[in-house]
Amino acid sequence: MSLDLDKINKELKDKSPAEIISWAISLAKNAVITTNFRPYEVAILNAVTEVKKDIKVIWCDTGYNTVQTYKHAEDIIEKLSLNIQLYVPKQTASHRNVVLGVPSIEDSKHATFTEQVKLEPFSRAMKEHQPDVWFTNLRKGQTAFRNSIDIVSQSKDGIVKVSPFYNWSDEQLDAYLEEKNLPNEFTYFDPTKVESNRECGLHI
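Residues numbered from 1 in each chain as written. Predicted model: local features only at pLDDT ≥ 70, side-chain atom pairs only at ≥ 80, totals over all residues. Heavy atoms only, no water.

Engineer: Residue-level account of the overall build of the protein, with values.
Structural biologist: Helix and strand content of the protein: eight helices and six strands. Along its sequence from the N terminus, the protein presents helices and strands in the succession α-α-β-α-β-α-β-α-α-β-α-β-β-α. Relative to the globule expectation of 17 Å for 204 residues, the C-alpha radius of gyration of the protein, 17 Å, shows essentially globular dimensions. Dimensions along the principal axes, computed over C-alpha positions, put the protein at roughly 50 × 35 × 30 Å. Classification of the 204 residues of the protein by burial places 45% in the buried group. Summarising the internal contacts of the protein: among those between residues at least 6 apart in sequence, 74% fall at separations of at least 24. Carbon together with sulfur atoms contributes 51% to the accessible area of the protein, which is approximately 10700 Å² in total. (Helix = DSSP H or I, 4+ residues; strand = E, 2+ residues; numbered from the N terminus. Rg over C-alpha atoms; globule rule 2.2 N^0.38 Å. Buried < 20%, exposed > 50% of the residue type's maximum accessible area, 1.4 Å probe, protein only. Contact = heavy atoms within 4.5 Å. Areas by Shrake-Rupley, 256 points an atom, 1.4 Å probe, with all protein chains shown as cover.)

As structure tokens, this is what we get:
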């Protein structure tokens, strides 16, 4: 679909996440959410399923999540009755640990590792579901790229990417989770991220 992104983002700038989600759902023939159950993901899962209960939730599980993340995921799946579509790498983490390990960011094998545990399962999911609208919990201030995309963006293959909490701070999300009585979990591990104890989202 062809969209005037500048106009849309100006119109949505002061709208609530629920209003943004309703707008996007009205456009969609086949909407999905992607999640990895990292900190604050429960906000987008709750907000979107309040508007569309049975939306497909694509979980690309690297196989390296913490015990806390897996417990959190199971809790949220049950609490929100999520329509989970699970995608995992084609090789188990135990097998990969023997042949490849978890390479550091400087290691030449890092690209292969990232392709196996994150990119391939994700592209397989997108190919199978072929969404036209894709909800994510990207927020401004997370990375330079994320600062450039705004609430609504469009991928090169035409998928409309919607980030309803794009302009929200951690404090606003904390208040939202408290109001909705939803749990959060910070013990999160992304094996593809830069060292710093690979603590992407992990607050010690």
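More follows now that the structure is in view.
Engineer: Describe in detail the pairing of strand S2 (residues 56-60), supporting the description with residues and values.
Structural biologist: Among the five residues that make up S2, four are buried, leaving the element largely enclosed by the rest of the structure. Here strand S1 (residues 31-35) runs beside S2; their pairing, made up of four bridges, is parallel. Residue pairing for S2: Ile-33 is matched across the bridge by Val-57. Each parallel crossover has a hand, and for S1 linked through helix H3 (residues 41-51) to S2 it is right-handed. (Pairing = 2+ DSSP bridges. Right-handed = clockwise from strand over helix to strand, strands pointing away.)

Engineer: So, the sheet that holds strand S6 (residues 160-162): which residues are in play, and what are the values?
Structural biologist: Reading across from one edge, S3-S2-S1-S4-S6-S5 is the order of the six strands in this open sheet, with mixed pairing throughout. Where the open sheet ends on each side, the last strands, each with one partner, are strand S3 (83-87) and strand S5 (152-154). Across the sheet, the mean angle separating the axes of adjacent strands is 30° when strand polarity is ignored. Relative to S6, S5 runs antiparallel, the two being bridged by three bridges. Bridged to Gln-154 within S6 is Val-160. (Axes fitted to C-alpha atoms, helices over the stretch in contact; angles between N-to-C directions.)

Engineer: Now, about the side chain of Asn-65: what can you tell me, with residues and values included?
Structural biologist: In this structure, Asn-65 sits in the loop between S2 and helix H4 (67-80). For Asn-65, the side chain forms a polar contact with the side chain of Asp-61, separated by 3.0 Å. When neighbours within four sequence positions are excluded, Asn-65 is seen to be in contact with Asn-36, Trp-59, Tyr-70, Tyr-188 and Phe-189. (Polar contact = N/O pair within 3.5 Å; in protein donor to acceptor, adjacent residues only side chain to side chain.)

Engineer: How would you summarise H4 if you had to cite specific residues and measurements?
Structural biologist: When the terminal C-alpha atoms of H4 are compared, their 20 Å separation across 14 residues agrees well with the 20 Å that a helix rising 1.5 Å per residue should span. All of the buried residues along H4 are Thr-69, His-72, Ala-73, Ile-76, Ile-77 and Leu-80. Take H4 and look down its axis: the buried residues cluster within an arc of 130°, on one side only. In H4, the exposed residues that point more than 90 degrees away from the buried face are Val-67, Lys-71 and Glu-78. Of the residues flanking the end of H4, it is Ser-81, one or two places downstream, whose phi is positive at about 50°. (Expected span 1.5 Å × (residues − 1). Arc of directions from axis to C-beta.)

Engineer: Outline H3, supporting the account with residue identities and numerical values.
Structural biologist: The buried fraction of H3 is high, at nine of eleven residues. Of all the residues in H3, the buried ones are Glu-41, Val-42, Ala-43, Ile-44, Leu-45, Asn-46, Ala-47, Val-48 and Thr-49. Of the surrounding elements, those touching the buried residues of H3 are helix H2 (17-27), S1, S2, H4, strand S4 (133-135) and helix H8 (170-180).

Engineer: Lay out the nonpolar core in plain terms, naming residues and giving numbers.
Structural biologist: One finds Ile-33, Phe-37, Leu-45, Leu-82 and Phe-135 to be the most contacted residues of the largest nonpolar core, which totals 38 residues. With six residues, H3 is the single largest residue contributor to this core. In this structure Leu-45 touches Ile-33, Thr-35, Phe-37, Val-57, Ile-76, Leu-80 and Leu-82, once residues within four positions along its chain are discounted. Core analysis: the second largest hydrophobic core is formed by eight residues, Val-32, Ile-58, Cys-60 and Ile-159 among them. (Core = buried A, V, L, I, M, F, W, Y, C linked by side-chain atoms within 4.5 Å.)

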